[in-house]
Amino acid sequence: MRKLWLFLLTIFCSGCTTHSDVNSERLKSLPYHYSQFDMTLAWEIKQAGMETVVDGVAKNLRYAFMEGVEVWIAAVDAAGKTRARNVCFIPYQVKQDGIFPFSVKLPIPVEPGMVLKLTYKYKGSDGGDGGENWMQSFEWAVP
């Protein structure tokens, strides 16, 4: 009887993986990473015909909650000219240690040697302090 109970428990709980667990695994397994005091990001690049999709996840490391999160990505060619730019808006509050997905579609194929300029913006708060607007940018060379 005990073996039957353990077997049934295993079957019923095997589908209990939460969305958060999936995002946590993606944070570890995606090929490209960036981290600062407030946020860590992981992403991958997918070519889709004449478009590029930057698909990833980010984790709130610093604030009790973040809101109004935006992830901007610009593709810059070797001559320094911005070829495309787009944004992903996160329409919900992200609690501390919360991991959220983002996806930005660029209407051009990115090529090795190009640079992606990633910028994230948000209003972070520890509660009752009115919050602080923050923006961080970094560059990443496309391999």
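- Going by an unreviewed UniProt entry, the protein chain carries the name Lipoprotein and comes from Citrifermentans bremense.

**Brief notes about the overall build of the protein chain**
Alright, step 1. Helix and strand counts for the protein chain stand at two helices and nine strands.
Alright, step 2. For the protein chain, the sequential pattern of α-helices and β-strands runs α-α-β-β-β-β-β-β-β-β-β.
Alright, step 3. The burial tally for the protein chain puts 38% of its 143 residues in the buried class.
Alright, step 4. Contacts spanning at least 24 positions in sequence make up 59% of the contacts within the protein chain whose residues lie at least 6 apart.
Alright, step 5. Accessible surface, the protein chain as shown: approximately 8,400 Å² in total, 57% of it carbon and sulfur.

**Some points on unusual backbone geometry**
Note: most residues except glycine have negative phi, and most peptide bonds are trans.
Alright, step 1. Its identity is not glycine, yet D97 carries a phi of approximately 70°, on the positive side.
Alright, step 2. Residue position: D97 is located in the loop between β6 (94-95) and β7 (99-106).

So, how was this worked out
By convention here, each chain's residues receive numbers from 1 onward along its written sequence. Note on the predicted model: pLDDT of at least 70 is required for a residue's local features to be given, and 80 or more for side-chain atom pairs to be given and counted; whole-chain, interface and lining totals, by contrast, use all residues. The basis for every side-chain value is the complete set of heavy atoms in the structure, and neither hydrogens nor water enter the calculation. Counting from the N terminus, the helices are the DSSP runs of H or I reaching at least four residues and the strands are the DSSP runs of E reaching at least two. Buried, partly exposed and exposed residues are distinguished by accessible area as a fraction of the type maximum, computed with a 1.4 Å probe on protein chains only: under 20%, between the cut-offs, and over 50%, respectively. For this analysis, residues touch if any pair of their heavy atoms sits within 4.5 Å. Only the protein chains shown count as cover for residues, and all accessible areas are computed by the Shrake-Rupley method using a 1.4 Å probe.

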